[in-house]
Amino acid sequence: MIRLAHADDLLILQEIERAAGEAFRALGMDSVADDEPLSIDELGSYAAAGRAWVSVDGLDYPVAYLLADIVDGEGHVEQVSVHPDQAHQGLGRELLHASRVWARGHGMQRQTLSTFRDVPWNAPYYRRLGFEVLDAGGWGPELARLMEHEAELGLTRWPRVAMWRPAVPPVNF
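Notes on the structure follow.

1. Some remarks on the sheet that holds strand β1 (residues 2–4)
Sheets are built from strands paired through backbone hydrogen bonds, the pairs being either parallel or antiparallel. What the 7 strands build is an open sheet, ordered β1-β2-β3-β4-β5-β7-β6; its pairing is mixed. A single partner strand is all that each edge strand has here, and the edge strands are β1 and β6 (132–133). As defined by bridge partners, β6 adjoins strand β7 (residues 160–166) across 2 bridges and the pair is classed as antiparallel. Across the sheet, residue V133 finds its bridge partner in β7, namely M163.

See the structure below:
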């Protein structure tokens, strides 16, 4: 089940982020694995704004989460993390759907995100969910600043891309 995150979920979100990050070690991306999750205050800001969703188990315990921002007036997926014990069950897809519904409900035309191009559970995964690479010419000023900031953090040691998909899914007949 997907629901909005509560204040008492925030420590668990940090645990999910740390556990999910461990998968990057197998790709030689230890600095990504070692990156600390957002602070409780930062996570709390997302929750208070209604832009943090969790996927919970049958006991209402969070096992995955998504944070959304508004970038250039559009829905932007800031973070998606699934605890590795719960991977490959469609939880990320469900969270992305919830944020897509949120974006559409707020009159936004698309969702964007930035991700690692070659990490299997990053760009290739998002591509399967209908996201397409957004060339730099299609970036608004806020997305450009975000991509610049990621470069300053050293994330571009591995190729990164911005991606987008419409907030309203295409109709398939």
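So that's the structure; there's more coming.
2. Observations concerning the pattern of salt bridges
Under the criterion given, the structure shown has 8 salt bridges. A salt bridge links R3 to D60; the nearest nitrogen and oxygen atoms lie 2.8 Å apart. Taken together, the positions of R3 in strand β1 and D60 in the loop between β2 (52–56) and β3 (62–71) put the pair 57 residues apart, joining distant regions of the chain.

3. Some details on helix α3 (residues 40–48)
Residues spaced three or four apart along an α-helix point in a common direction, a consequence of the helix completing one turn every 3.6 residues. Of the positions making up α3, those classed as buried are L43, Y46 and A47. Down the axis of α3, the buried set is contained in an arc of 100°. They therefore lie on one face. When the buried face of α3 is taken as reference, the exposed residues oriented beyond 90 degrees from it are D41 and A48. The inward-facing, buried residues of α3 abut α1 (10–21), β2, β3 and β4 (74–82).

4. With respect to the nonpolar core
Core analysis: the biggest nonpolar cluster contains 22 residues, and W53, L66, L96, Y126, F131 and M163 have the highest contact counts within it. No other element matches helix α4 (residues 91–105), which puts 6 residues into this core. Excluding residues within four positions of it along the chain, L66 makes contact with R51, A52, W53, V77, Q79, V80, L95, L96 and S99. Counting 13 residues, the second largest nonpolar core, distinct from the first, contains I16, L43, Y46 and Y65.

5. Brief notes about helix α6 (residues 141–152)
Taking 1.5 Å per residue, 12 residues should reach 16 Å; α6 reaches 16 Å between its end C-alpha atoms and fits that length. For α6, the secondary structure elements touched by its buried residues are β3, β4, β5 (110–116) and β7.

About the thresholds
- Residues numbered from 1 in each chain as written.
- Predicted model: local features only at pLDDT ≥ 70, side-chain atom pairs only at ≥ 80, totals over all residues.
- Heavy atoms only, no water.
- Pairing = 2+ DSSP bridges.
- Helix = DSSP H or I, 4+ residues; strand = E, 2+ residues; numbered from the N terminus.
- Salt bridge = Lys/Arg side-chain N within 4 Å of Asp/Glu carboxyl O.
- Buried < 20%, exposed > 50% of the residue type's maximum accessible area, 1.4 Å probe, protein only.
- Arc of directions from axis to C-beta.
- Contact = heavy atoms within 4.5 Å.
- Core = buried A, V, L, I, M, F, W, Y, C linked by side-chain atoms within 4.5 Å.
- Expected span 1.5 Å × (residues − 1).

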